Amino acid sequence: MLDNKQQNSEIISILLDRCLTVADRNDLKKRILKIKSDVYTVKFKFEEKLKNEVYFNEFSGLIKLAEKMEVNISNKAEINDFLIYIVDLLDGLEVVEIELAVLPQQIILESIIDWFEINLKKRIILNININPELIGGVVLKLEGRSLDYSLKRNIEELMK
Amino acid sequence: MEIIDYGYIGIIILGLLLASILIWQIRTITKEKDEILRIKRKLSRKSDLLVEKAHKQSVRILQKALKKSEEIVEKTNSIAGQVEDWAETEVGKEMSLYSGYLKNISEEILHSYKTLFEELKLRYDEDEKSFISELEETVKESKKDLEKSISKTSDEVSKMTNEFVLAESEEISLLTKAIADQVSNFAKWFKDNTIKYEAELKVITETQQSQLTKIEEKNGKTLEEINAYMTNGIKAYTNKLIENATKQEAEIEKYTQERIKQINEDLEAFRFQRENEIQEQVSSIVKKVTISVLGKSINTDEHQKLILDALDRAKIEIMK
């Protein structure tokens, strides 16, 4: 029933369009699990339930993915499995911790996510911490390493 | 096996016995040393007491002799004074008595003359010539009698005076002789006693000198031993002190070096810490200034550019 993740990356990208941070991921996961919890109820209707629980791009993404994965939306068991797949997908997203000097706007977060997708071919989500002392730039915590590219560090280097 | 054991026990007992004897000997020597010191102190005290006693005795004898001399001189003076007074008083009294006696006689003679002259004058009136001649004869006779009487009286007085003076002189002479004898006896007694006391004093001094010499000889020997013992002890103690001092000096030197090293290290650490603190303070100030300057001047686009530039730079690190 399920295809591999690489083939569905474009659809997943649409699904995760609004999912930029860990908080976004957790919110989406919460809504997916709520839908899943209602799958076996008498009045459950997949599309109707999705419309009520998720954003439009997420709805489109999930429907397209379900179609692509040939999920029978009339079959509650398949829907349940599809939703479990989505939850696993969300849990499997790589988390990159970043430290910024100011609270970032949406466009900055999207730029960072895009940068990772373009350069590292990874769809990641961000765990953001705000530290005004950095002045500007970013500190990344990736794969157990801390990479400081902040203006603060630049100034400290100059001060030495 | 038993023979060996007995042998060991015997050796141990013998060893213990020898150790006991050694300890006993040491204790005996210590006691004897203490006894010698005690005797030395006792003899020293005794010799001091003897010297003091002899000195006091000498002083007492001399004081006694001086007092006696003073008494003799006083007594002699007193006797001489008495004799002189007595002589003056008694002779004067007798002389005065005799003078009075002579005066009375002279007055009686004069009174007789006057009476006679008046009688003669009366008779002259009656029988002037015969009476004058008789009177002249009578006067002559009377004069002769008077001269005789005066001569006789003078002789008597002279004789009596001479007798008295002679008698008194003898008495004075006897008295003076007696006093002289007394003085002589006392002088002799004083001389004898002085010689006797001098001899006694000499004997005492010689005895003391002899005792002192003996004590000195005995003490000298003991003192030499003590001196040698003390010298050795002091030398050993001094050597030990020098050794300890050298050791302590080395320890102090070592400790000082360690302390200097430690202090230098502490100073270096403190300097490094202070430099870091100052650096941090400077950095903090610069950062605050930079934040206040840059934080306000960086807009969203610039932040985005900075972040993307940072990510581009991070790419190299991430790709490694």
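Here the structure is a predicted model, which is why all the values come from computation and not from measurement. (Residues numbered from 1 in each chain as written. Chains lettered and ligands numbered in written order. Predicted model: local features only at pLDDT ≥ 70, side-chain atom pairs only at ≥ 80, totals over all residues. Heavy atoms only, no water.)

Visitor: What is the right way to look at the packing of aromatic side chains in this model?
Guide: Any pair of aromatic rings gets described here by the distance separating the centres and the angle formed by the planes. Under the criterion given, the structure shown has 2 aromatic pairs over all chains. Ring geometry for Trp 115 of chain A against Phe 116 of chain A: centres 5.2 Å apart, planes inclined by 80°, an arrangement best described as edge-to-face. Residue classification places Phe 116 of chain A among the buried positions, given a relative accessible area of 1%. Lying over the aromatic face of Tyr 55 of chain A, Arg 18 of chain A brings its terminal NZ or CZ to 3.9 Å of the ring centre. Lying across the ring of Tyr 229 of chain B, Lys 33 of chain B places its NZ or CZ 3.8 Å from the centre. (Phe/Tyr/Trp six-rings, centres within 6.5 Å; stacked < 30°, edge-to-face > 60°. Buried < 20%, exposed > 50% of the residue type's maximum accessible area, 1.4 Å probe, protein only. Lys NZ or Arg CZ within 6 Å of the ring centre and 35° of its normal.)

Visitor: Honestly, the interface of chain A and chain B in this entry has me stumped. Any pointers?
Guide: Interface size is commonly expressed as the accessible area that is lost once the parts come together. Residue-level contacts link 29 residues of chain A with 24 residues of chain B. Around 2,400 Å² of area is buried between chain A and chain B when both sides are counted, 73% of it from carbon and sulfur atoms. Counting across the interface, chain A meets chain B through 0 salt bridges. Here chain A is connected to chain B by 2 residue pairs in polar contact (both at pLDDT 80 or more). Every element with two or more residues in the side of chain A that touches chain B is listed here: α6 (106-119), β3 (137-142), β4 (145-150) and α7 (151-159) of chain A. (Contact = heavy atoms within 4.5 Å. Buried area = accessible area lost by both parts, 1.4 Å probe. Salt bridge = Lys/Arg side-chain N within 4 Å of Asp/Glu carboxyl O. Polar contact = N/O pair within 3.5 Å; in protein donor to acceptor, adjacent residues only side chain to side chain. Helix = DSSP H or I, 4+ residues; strand = E, 2+ residues; numbered from the N terminus.)

Visitor: Can you help me understand the packing of helix α2 (residues 22-38) of chain A against helix α5 (residues 76-91) of chain A in this one?
Guide: Working note: a packed helix pair is described by the angle between its axes plus the distance between those axes. All names here are of chain A. Two elements in contact, α2 and α5, have axes whose closest approach is 10 Å; the angle formed by their N-to-C orientations is 165°. The angle between the axes of α2 and α5 places the two elements in the roughly antiparallel class. The handedness of the crossing between α2 and α5 is left-handed. Between α2, through Arg 25, Leu 28, Lys 29, Ile 32, Leu 33, Ile 35 and Lys 36, and α5, the contact on the second element is made entirely by Asn 80, Leu 83, Ile 84, Ile 86, Val 87, Leu 90 and Asp 91. For the contact of α2 with α5, the class distribution of residues is 9 nonpolar, 1 polar and 4 charged. (Axes fitted to C-alpha atoms, helices over the stretch in contact; angles between N-to-C directions. Parallel < 35°, antiparallel > 145°, perpendicular 65-115°, else oblique. Left-handed = near helix turned anticlockwise from the far one by under 90°. Nonpolar A, V, L, I, M, F, W, Y, C, P; charged D, E, K, R; others polar.)

Visitor: Help me out: how do you make sense of the pattern of salt bridges in this one?
Guide: Pairing between side chains of opposite charge can happen when the charged atoms of each approach one another. Enumeration according to the criterion identifies 14 salt bridges over all chains in this entry. Put simply, Glu 35 of chain B and Arg 38 of chain B hold a salt bridge, and the shortest N to O gap is 2.4 Å. Separated by 3 residues within a single helix, Glu 35 of chain B and Arg 38 of chain B lie in helix α1 (residues 2-126), roughly one turn from each other. For Glu 35 of chain B, a relative accessible area of 33% translates into the label partly exposed. Connected through salt bridges with shared partners, the residues Asp 27, Arg 31 and Glu 58 of chain A form a single ionic network.

Visitor: Just to check I follow, could you spell out the sheet that holds strand β1 (residues 94-100) of chain A for this structure?
Guide: Hydrogen bonds along the backbone pair up the strands of a sheet, which may run parallel or antiparallel. Residue and element names in this part refer to chain A. Taken together, 4 strands build an open sheet; the order of strands is β2-β1-β3-β4 and the sheet is mixed. This sheet does not close on itself; its edge strands, each paired only once, are β2 (124-130) and β4. For this sheet the average axis-to-axis angle between neighbouring strands, irrespective of direction, equals 20°. Against the sheet, α2 engages β1 and β2, with an angle of about 125° to β2. Running at roughly 135° to β2, α6 makes contact with β1, β2 and β3 of the sheet. (Pairing = 2+ DSSP bridges.)

Visitor: Please clarify how a nonpolar patch on the surface should be interpreted in this entry.
Guide: A contiguous nonpolar surface patch, about 470 Å² in accessible area, is contributed by Tyr 8, Ile 11, Ile 12 and Leu 16 of chain B. Residue placement: Ile 11 of chain B occurs in helix α1. (Patch = residues over 30% accessible without salt bridge, like charges linked within 9 Å, V, L, I, M, F, W, Y side chains within 5 Å. Areas by Shrake-Rupley, 256 points an atom, 1.4 Å probe, with all protein chains shown as cover.)

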